[in-house]
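# Observations on the model geometry
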Amino acid sequence: MDTFFKLKENGTTVNREIVGGITTFLAMAYILAVNPNILAAEGTGLAWNSVFTATAVSAAAATLVMAFLANLPVALAPGLGLNAFFTYTVVFGMGCSAAFALTAVLIEGIIFIALSLFGIREKIIRSIPEGIKKAVAVGIGLFITIIGLVNAGIVSTHTGTAIGFVNFTMENRTAIVAVIGLIITVVLYVMKVPGAILIAVIATTVIGIPFSVTAVPENWKPFSMPAAPHLFHFEWANVLSVKFFIVLFTFLFTDMFDTIGTLMGVAEQGNLKNPDGTIRNAKGALLADAIGTVAGACLGTSTVTSFVESTSGVAAGTRTGLASAVTGILFLLSLFLTPLFSLVPAAATAPALIFVGYLMMQSASAIRFDDPTEGIPAFITIMTMPFSYSISKGIAWGMISYVIAKCAARRAKEIPVFTWILAAVFVADIIFEACK
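Residues numbered from 1 in each chain as written. Predicted model: local features only at pLDDT ≥ 70, side-chain atom pairs only at ≥ 80, totals over all residues. Heavy atoms only, no water.

## Some remarks on the overall build of the protein
Secondary structure summary: the protein contains 19 helices and four strands in total. Over its C-alpha atoms the protein spans a radius of gyration of 21 Å, differing by no more than 12% from the 22 Å that the globule rule assigns to 436 residues. Dimensions of the protein, computed from C-alpha atoms along their principal axes, come out at roughly 65 × 65 × 45 Å. The buried share of the protein, reckoned over its 436 residues, is 56%. Accessible area of the protein: about 18200 Å², with a carbon and sulfur share of 68%. Charge-centre separation for the protein: the mean point of 23 positive side chains lies 6 Å from the mean point of 22 negative side chains. (Helix = DSSP H or I, 4+ residues; strand = E, 2+ residues; numbered from the N terminus. Rg over C-alpha atoms; globule rule 2.2 N^0.38 Å. Buried < 20%, exposed > 50% of the residue type's maximum accessible area, 1.4 Å probe, protein only. Areas by Shrake-Rupley, 256 points an atom, 1.4 Å probe, with all protein chains shown as cover. Lys, Arg positive; Asp, Glu negative; His and termini not counted. Charge placed at Lys NZ, Arg CZ, Asp CG, Glu CD.)

## Observations regarding the packing of helix α11 (residues 242-270) against helix α19 (residues 417-435)
Here α11 crosses α19 at 135°, and the two axes come no closer than 11 Å. Judged by the angle between their axes, α11 and α19 are oblique. In this structure, α11 crosses over α19, and the sense of that crossing is left-handed. Here Val242, Phe245, Ile246 and Phe249 of α11 lie close against α19, whose contacting residues are Leu422, Val425, Phe426 and Asp429. (Axes fitted to C-alpha atoms, helices over the stretch in contact; angles between N-to-C directions. Parallel < 35°, antiparallel > 145°, perpendicular 65-115°, else oblique. Left-handed = near helix turned anticlockwise from the far one by under 90°. Contact = heavy atoms within 4.5 Å.)

## Points about the side chain of Ser306
Here Ser306 lies in strand β4 (residues 304-306). Those residues within four positions of Ser306 in sequence are excluded, and the remaining contacts are Met66, Val74, Ala75, Leu76, Thr259, Thr262, Leu263 and Asp289.

## Comments concerning the nonpolar core
Within the largest apolar cluster, 87 residues are counted, with the highest numbers of intra-cluster contacts made by Tyr30, Leu80, Phe86, Ile395 and Phe426. If one sorts the elements of this core by residue count, α11 sits on top with 10 residues. Listed in part, the 17 residues of the second largest apolar core include Met66, Leu72, Leu263 and Ala267. (Core = buried A, V, L, I, M, F, W, Y, C linked by side-chain atoms within 4.5 Å.)

## Things to note about the layout of surface pockets
What the largest pocket holds in volume is close to 1600 Å³. Examining the composition of the lining of the largest pocket, we find that 10 residues originate from one element, α11, more than from any other. Looking at the lining of the largest pocket residue by residue, the class counts come to 26 nonpolar, 16 polar and eight charged. (1 Å grid on protein atoms, 1.4 Å probe; cavity = no way out; pocket = protein on both sides within 12 Å on 5 of 7 lines; lining within 4 Å. Points joined across faces, edges and corners; volume = space filled by probe spheres on them. Nonpolar A, V, L, I, M, F, W, Y, C, P; charged D, E, K, R; others polar.)

## Observations regarding unusual backbone geometry
One non-glycine residue, Lys6, lies in positive phi territory at about 55°. Relative to the elements of secondary structure, Lys6 occurs in the loop between α1 (2-5) and α2 (14-28). Phi is positive for Arg410, close to 60°, though the residue is something other than glycine. One can find Arg410 in the loop between α18 (391-408) and α19.

## Comments concerning helix α16 (residues 346-361)
The terminal C-alpha atoms of α16, which comprises 16 residues, lie 22 Å apart, in line with the 22 Å expected from a rise of 1.5 Å per residue. For α16, the buried fraction is high: 13 of the 16 residues fall into the buried class. (Expected span 1.5 Å × (residues − 1).)

## What about the pattern of salt bridges?
Opposite charge on two side chains permits pairing when their charged atoms draw close. Taken as a whole and judged by the stated rule, the model has seven salt bridges. Notably, a salt bridge pairs Lys406 with Glu414, separated by 2.7 Å at the nearest N-O pair. By relative accessible area, which is 40% here, Glu414 ends up partly exposed. For Arg411, the salt bridge identified is with Glu414, shortest N-O distance 2.9 Å. On the basis of relative accessible area, Arg411 is assigned to the partly exposed category, the value being 26%. Salt bridges sharing common partners tie together Arg368, Asp371, Glu374, Lys406, Arg411 and Glu414. (Salt bridge = Lys/Arg side-chain N within 4 Å of Asp/Glu carboxyl O.)

## Side note on the state of the cysteines
Enumeration according to the criterion identifies zero disulfides in this entry. Summary of cysteine pairing: Cys298 is not part of a disulfide, and the nearest cysteine sulfur, belonging to Cys96, is at 20 Å. (Disulfide = S-S within 2.5 Å.)

## Section: the confidence of the model for the protein
Low-pLDDT stretches of the model should not have their predicted coordinates read in fine detail. Overall, the predicted model of the protein reaches an average pLDDT of 88, with 99% of residues at or above 70. For the protein, per-element mean pLDDT is lowest for helix α7 (residues 120-127), which scores 69, and highest for helix α4 (residues 48-70), which scores 96. (pLDDT = per-residue confidence, 0-100.)

Here's what the structure looks like:
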């Protein structure tokens, strides 16, 4: 074990890696309840138990690949933001089927495997404007926050304004429970309690019982055999349409920067870098992400990506893939706890969504708002995502405004070729939609 994971070389021990792996699992296990709640929302046609199985298995598979292929303490699972785009934009907003969205996820994963093998993925990332990368994270954070607020019943369109907070009366008990959960999350996080988000989800679920927000079925048992996932649930009829390309690109773009951003953060915190400053075993890490996405699509879940909560395990002292192996095994064991996670109401997972919005908002500090050619496109990207309820529209208008701003400032030479191409594609899509 020491030889394979290079424990001594990385200044760590078996016990430290095990503790770190458990810490990472506790920090991100909330996704086991949140992901099915989003993907199996009424109208998607997906079953909650099946999505739960797909979430656990895809997270375990991708994290184990990360452990043995990249030897990095990074855990993966279906990503927040990507699952929201899947349900609220592609299925509900565009009127597509879940099978259509899963097909886009599958092709995205296959493309990522090819790009990772040939090192093209890093080159593409370098061609995207830095401000847009940061703005996408912030915009997704706000988008997730809005979804959390709506799911919890905290905000409503029936308040006399376009959107507003409800009155916190017993008629809105779901909102009350969610606010209590958010307070618990904030307190635990500020106190640096390991697994703060998961603990808050559990506590809020329990608090929801006397409020009649958490429903416990009769003859309920906490353990069961895993449900069958939605295997190979694909739709190939529209893969050559413009709509499919837009969906595919959004999955590609968002997943690309989720993964790279997380890897950079974990590498910085744990000093997991090569002498030249590059991320250690980056190709293996990117392959783990791509393989996990393909596996997830075949099982019936949205894009699998690296989780920033992995930094909690690094903070606990882990430095190698042994911690990822521990986390992956724990995800497999969670398969037998489906009834336990099915108790978790939207009021308990909404605080997690809102709080992840805060975590993603931190990227705003790195945006150069003092430069209008960088700040304005970033602002448009951030603003468009939550207000249009669409991640793809945020990316599209951000890229278009970036080209316009740079040209207006007579700085067109700063625009990468790939950015010109993307902006042209997005303009064509807007014209196409207007002429339909």
